[in-house]
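Below, each chain spelled out in residue letters.
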Amino acid sequence: MRLIKVFDTTLRDGEQSPGATMNVEEKLQIARQLKRLNVDVIEAGFPIASQGDFEAVRLIANEIDGVTVAGLARTRFEDIDRVGEAIKSAESGRVHIFLATSDIHLKYKLKMDREQVLESAVKAVLHARKYTDDVEFSAEDATRSDRDFLCRITEEVIKAGATTVNIPDTVGYTIPLEYSELIDYLMNNVPNIDKCVISVHCHNDLGLAVANSLAAILKGAGQVECTVNGIGERAGNASLEEIVMVLKTRPGIFSGADTRITTREIYKTSRMVSKITGMMVQPNKAIVGDNAFAHEAGIHQDGYLKERSTYEILKPQDVGIPASKLVLGKHSGRHAFKERLKELGYDLGDDDVNKTFDKFKSLADQKKYVFDEDIETLLTQELSDICDVYCLTFLFVASGTNQRPTAHVRMTVNGEDRELTHSGDGPVDATYNAIAAITKTKSQLSKYEVKSITGGTDALGDVVVTLEEGGRTERGTGSDTDIIIASAKAYINALNKLEGKKRAVEKGI
Ligand code: KIV
Ligand code: ZN
């Protein structure tokens, strides 16, 4: 078997999806699940970008053993030093340096010539080697770079000590045939190529990220960079679950190339990432979409019932889709609840289990059956409810026929109590007007979605909002059996994220 390393960048490139910012606690939960999934490398963040990113990489490096933890850096020494500091206590830590190599990026973005880029890359790799023997260099926009320059820089960074060289399709421009020829060209024209692992990192602008990654594996790439559910910058990155399951399903085509992924953890990981980021998985998404294993057409159903393999090439159990869903209720005890949390992939300390158990109990008082989806919602709400700057402390809404709705909102803003009553076109509008006035924020609400987590009028309502301010976008989530409270929580969650992003941008990153 030829082992292909899985470099998961859900917590870094995935987090760059518009609105998918995660806090440190959310990143830690996902990192624990990525360990269960058995990825080889977790790219946990870009430590120079913000204190939160630095903390996330540091805490993940500190806690997660058996997986390499990587942090991203530009070629600046201060970026590399920050990664070095963050991965200090990792059992296995990697510095991942990137610098663009295409003439377009050199001319317009970097304003450097090729010799300067070469020199900067080599110096950066040498500097990073002071922190770890595991250094990755990424030639950003490799697929639009001059091939011979790409060969030269690959050779030089390997000489300087890079152990992995990544050939990213940063703008999702290439196609499988061209990309496989590029990898082949490097394999045959870089004299010391055998001293490093060639990695591939494909974006999905033309819908080809997975196909391109697989084409590169056929030509000798030894590492794939990907994200859970394919989330990421613009149209996203190559989807981890699709690459892994293609290799599993078609071993003959890939001459036995395979990954170490525990495929039964795929579905759980997908759900967790979707809940935490608020990015829904489209129903027809391969492997993890709701319809991925649903047979609707009569002819298909008939064939499937006679012999499963007529219409099914994978089994839902292979990716961990449960055959039936367990239901808890108000008589379920703490032990059963804790076990359920573990089965859903959430690893909480006793205090957090107790806090969530109390919320579960009050939910179970309100609705008869508590489903997995309800528990996931309680958990992710608990994780995202971090009142960095803004915190809701009280909400009262009055609305009805022949009455203009009003909302009385009390909040803390950086620890200071503030309250206000505002009217609006509906109860949500009144609440949002009051929050905007209290926080003195001017964001635009570009999307508001509400859905019930399970059936019934007593169901938890899940609200996802998208706010935009000064060219920045953030998504916020909130849930409650009262959809106005859920709406307020989602709005405040997005405002807190916008604040965090504003601080990072003020630092010029
Ligand atoms: O897409 C890209 O080029 C990247 C690099 C930082 C690897 O994300
Ligand atoms: Zn990328």
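J.: I'm lost on helix 2 (residues 51-63) in this one. Help?
T.: Residues three or four positions apart in an α-helix share a direction because the helix packs 3.6 residues into each turn. A rise of 1.5 Å per residue sets the reference length of helix 2, with its 13 residues, at 18 Å; its end C-alpha atoms lie 18 Å apart and thus fit the reference within 8%. Those residues of helix 2 that sit buried are Asp 53, Phe 54, Ala 56, Val 57, Ile 60 and Ala 61. Considered in projection along helix 2, the buried side chains sweep an arc of 165 degrees and stay on one side of the axis. Against helix 1 (24-37), strand 3 (41-45), strand 4 (68-73) and helix 3 (77-86) lie the buried residues of helix 2.

J.: Would you take a moment to explain the packing of helix 6 (residues 147-160) against helix 7 (residues 176-189) for this structure?
T.: Helix packing for two helices is described by the angle between their axes and how far apart those axes are. Two numbers describe how helix 6 lies on helix 7: the axes approach to 10 Å, and their chain directions differ by 50 degrees. Taken together, the axis directions place helix 6 and helix 7 in an arrangement best described as oblique. Considering the relative orientation of helix 6 and helix 7, their crossing is right-handed. Of the residues in helix 7, those in contact with Arg 147, Asp 148, Leu 150, Cys 151 and Thr 154 of helix 6 are Glu 178, Glu 181, Leu 182, Tyr 185, Leu 186 and Asn 189. Grouping the amino acids of the contact of helix 6 with helix 7 by side-chain chemistry returns five nonpolar, two polar and four charged.

J.: What is the right way to read the site of ligand 1 from this model?
T.: Every residue lining ligand 1 is accounted for by Arg 12, Asp 13, His 96, Phe 98, Ser 138, Glu 140, Asn 166, Pro 168, Thr 170, His 201 and His 203. Arg 12 is positioned such that a nitrogen or oxygen atom in its side chain is 3.0 Å from an oxygen atom of ligand 1. A distance of 3.2 Å separates an oxygen atom of ligand 1 from a polar atom in the side chain of His 201. Protein burial of ligand 1: of its 260 Å² of free accessible surface, 93% is covered by the chains. For the shell around ligand 1, the elements supplying multiple residues, two or more each, are strand 5 (93-100), strand 6 (135-140) and strand 7 (164-169). Its residues assigned to classes, the shell around ligand 1 shows two nonpolar, six polar and three charged.

J.: Even after reading the chapter, I still don't get the coordination of the zinc ion (ligand 2), so can you show me in this structure?
T.: Around the zinc ion (ligand 2), the donor atoms from the protein are Asp 13 (OD), His 201 (NE2) and His 203 (NE2), and they sit 2.0 to 2.2 Å away. Within one chain, the residues donating to the zinc ion (ligand 2) are spaced in sequence as D-x187-H-x1-H. Relative accessible area serves as the criterion here: at 5%, His 201 is assigned to the buried category.

J.: Is there a simple way to think about the pattern of salt bridges in this case?
T.: When the charged atoms of two side chains with opposite charge come close together, those side chains can pair. Per the stated rule, a full pass over the model turns up 39 salt bridges. Across the pair Glu 136 and Arg 94 runs a salt bridge, and its minimum N-O distance is 2.8 Å. With a gap of 42 residues between them, Glu 136 in strand 6 and Arg 94 in strand 5 connect regions that are remote in the sequence. Residue class for Glu 136 comes out buried when judged on its relative accessible area of 0%.

J.: Help me understand the domain arrangement of the protein in this model?
T.: Size of an interface: often given as the accessible area lost when the parts come together. Here the protein is partitioned into domain 1 (2-277), domain 2 (294-382) and domain 3 (385-506). Centre-to-centre, using C-alpha coordinates, domain 1 lies 36 Å away from domain 3. Taken together, the contact between domain 1 and domain 3 spans ten residues of the former and nine residues of the latter. Of the roughly 740 Å² buried at the junction of domain 1 and domain 3 (both faces included), carbon and sulfur atoms supply 40%.

Reading the values: the criteria
Residues numbered from 1 in each chain as written. Chains lettered and ligands numbered in written order. Predicted model: local features only at pLDDT ≥ 70, side-chain atom pairs only at ≥ 80, totals over all residues. Heavy atoms only, no water. Helix = DSSP H or I, 4+ residues; strand = E, 2+ residues; numbered from the N terminus. Expected span 1.5 Å × (residues − 1). Buried < 20%, exposed > 50% of the residue type's maximum accessible area, 1.4 Å probe, protein only. Arc of directions from axis to C-beta. Contact = heavy atoms within 4.5 Å. Axes fitted to C-alpha atoms, helices over the stretch in contact; angles between N-to-C directions. Parallel < 35°, antiparallel > 145°, perpendicular 65-115°, else oblique. Left-handed = near helix turned anticlockwise from the far one by under 90°. Nonpolar A, V, L, I, M, F, W, Y, C, P; charged D, E, K, R; others polar. Near = heavy atom within 4 Å. Polar contact = N/O pair within 3.5 Å; in protein donor to acceptor, adjacent residues only side chain to side chain. Areas by Shrake-Rupley, 256 points an atom, 1.4 Å probe, with all protein chains shown as cover. Donors = N, O, S within 2.8 Å, 3.2 Å for Na, K, Ca; no water. Salt bridge = Lys/Arg side-chain N within 4 Å of Asp/Glu carboxyl O. Domains from an automatic or database assignment. Buried area = accessible area lost by both parts, 1.4 Å probe.

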